[in-house]
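As a plain string of letters, each chain reads:
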Amino acid sequence: MRARLVPVSGIAVAVTLAFMLSACAPDSPTVVPTEEPATPIFASDEEALAAAEAAYAEYLEVTDGLGHDTTADMRALDDVVTADYVSVPTENIAALRASGSRIVGSTSFDSTSLQQISMIDRETALLTFYTCLDVSAVRVVDSDGVDVTSPSRTNRVPLEIDMAIHRGPPIKLLVSRSGQWPGNEVC
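Everything numeric in this text was worked out from a predicted model, so none of it was measured.

Draft legend 1. Just the sheet that holds strand β5 (residues 156-166), in detail. Taken in spatial order, the four strands line up as β2-β3-β5-β6 in an open sheet, and their pairing is antiparallel. In this open sheet, the two edge strands, each paired with only one partner strand, are β2 (108-119) and β6 (172-180). On average, each strand axis in the sheet is tilted by 25° relative to the strand beside it, whichever way the strands run. Relative to β6, β5 runs antiparallel, the two being bridged by eight bridges. In the sheet register, L159 faces β6, and the bridge partner there is Q180. Helix α2 (residues 45-68) contacts β2, β3 (124-134), β5 and β6 of the sheet and is inclined by roughly 125° relative to β2.

Draft legend 2. Broad picture of the nonpolar core. Y56, Y59, L77, V81, F129, M163 and V175 are the most contacted members of the largest nonpolar core, which has 33 residues in total. Of all the elements in the fold, those that place two or more residues in this core are α2, α3 (87-98), β3, β5 and β6. Considering every element that reaches this core, the biggest residue donor is α2, with nine residues. In this structure, V175 is in contact with Y56, Y59, V80, V81, T82, Y85, I161, D162 and M163, ignoring residues within four places of it in sequence.

Draft legend 3. Focus on the pairing of β3. The buried count for β3 comes to 10 of 11 residues, which makes it a mostly enclosed element. When β2 meets β3, the two strands line up antiparallel, connected through nine bridges. Paired with D110 across the strands is C132, a residue of β3. Hairpin connection between β2 and β3: a loop of four residues separates the two successive antiparallel strands.

Basis of the calculations
Residues numbered from 1 in each chain as written. Predicted model: local features only at pLDDT ≥ 70, side-chain atom pairs only at ≥ 80, totals over all residues. Heavy atoms only, no water. Pairing = 2+ DSSP bridges. Helix = DSSP H or I, 4+ residues; strand = E, 2+ residues; numbered from the N terminus. Axes fitted to C-alpha atoms, helices over the stretch in contact; angles between N-to-C directions. Contact = heavy atoms within 4.5 Å. Core = buried A, V, L, I, M, F, W, Y, C linked by side-chain atoms within 4.5 Å. Buried < 20%, exposed > 50% of the residue type's maximum accessible area, 1.4 Å probe, protein only.

As structure tokens, then:
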């Protein structure tokens, strides 16, 4: 394969050369950070995972509640998910309601493990964990109360969950992404 040459103007070369040479100037002042690094939000990974589990349990309680009561206000999701993610559970619950169905039972999860915590800035972080979502106790029923749950539904699903953490006070964790994790090692 033959390399393609891209024409470069003399001005671009001069600016690049000036920039490169200015980096070597001996009189450049040393930049000293004036802020201390952000302190960790949680004292340990175990504390972070426990907070994520509590927040995810609250998320499931809200989504289950919206699936149980077809007249419940969808704005309840605002307390458990980020603004960027709210459309996902909203669309899923709206589709359930539009079909004339609702759910009975409660969703649970187990086998959680922390993947990582990444600081985004001094006040926010992203926590990612794995879990096994269990919908075996949840049934979908139609408007007459007849069970219409798909017999081929997978009852235990491995997930990777992202949570946005806001330092607070109080510290608040919101679901910002949920995706199926390939493989069954989580479940």
